[in-house]
Amino acid sequence: MRPVSEYLKLQGRFGHLHAEHIAKLQKFANEQWRMMGIELPDALIQAAAAKNLADMAAAAEAEAVAETL
């Protein structure tokens, strides 16, 4: 079990998503796991809060800058 943000980073088509969008997707995924009776690790619970996430575009830009150094 991994945060949805890890999956989204692999998909370039999700680069426009903001932290709020990613958190909403994580909340949905967490609820699906709970409905199946699976206990969630703390990392997934924390990933459902937008304040704990970065915008995908900002993260991609930071990574591109880091590669040039």
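Residues numbered from 1 in each chain as written. Predicted model: local features only at pLDDT ≥ 70, side-chain atom pairs only at ≥ 80, totals over all residues. Heavy atoms only, no water.

Participant: Give a detailed account of the overall build of the protein chain, specifying residues and quantitative values.
Facilitator: Helix and strand counts for the protein chain come out as four helices and zero strands. Secondary structure elements of the protein chain occur, N-terminal to C-terminal, as α-α-α-α. The buried share of the protein chain, reckoned over its 69 residues, is 26%. For the protein chain, contacts bridging at least 24 residues in sequence account for 57% of all contacts bridging at least 6. When the accessible surface of the protein chain is split by element, carbon and sulfur atoms take 57% of a total near 5,100 Å². (Helix = DSSP H or I, 4+ residues; strand = E, 2+ residues; numbered from the N terminus. Buried < 20%, exposed > 50% of the residue type's maximum accessible area, 1.4 Å probe, protein only. Contact = heavy atoms within 4.5 Å. Areas by Shrake-Rupley, 256 points an atom, 1.4 Å probe, with all protein chains shown as cover.)

Participant: Which residues make up the nonpolar core, and what values go with them?
Facilitator: Of all hydrophobic cores here, the largest spans nine residues; its members are V4, L8, F14, L17, A19, I22, A23, A29 and L53. Those elements that place two or more of their residues in this core are α1 (4–10) and α2 (19–35). Counting residues per element, this core draws most heavily on α2, at four residues. The residues contacting A19, other than those within four sequence positions of it, are A50, L53, A54 and D55. (Core = buried A, V, L, I, M, F, W, Y, C linked by side-chain atoms within 4.5 Å.)

Participant: Which residues make up the side chain of Q26, and what values do they have?
Facilitator: Mapped onto the elements of the fold, Q26 is located in helix α2. Overall, the relative accessible area of 2% leaves Q26 in the buried class. For Q26, the side chain forms a polar contact with the main-chain nitrogen of V4, separated by 2.8 Å. Beyond its immediate stretch of four places on either side in the chain, Q26 contacts P3, V4, L44, A47 and A48. (Polar contact = N/O pair within 3.5 Å; in protein donor to acceptor, adjacent residues only side chain to side chain.)

Participant: Requested: an account of α2, with residues and values cited.
Facilitator: Across its 17 residues, α2 extends 24 Å between first and last C-alpha, which sits within 8% of the 24 Å expected from 1.5 Å per residue. Looking only at α2, the buried set comprises A19, I22, A23, Q26, A29 and N30. Projected down its long axis, α2 shows its buried positions confined to an angular sector of 125 degrees, all on one face. Set apart from the buried face of α2 by more than 90 degrees, the exposed residues are E20, K24, F28 and M35. (Expected span 1.5 Å × (residues − 1). Arc of directions from axis to C-beta.)

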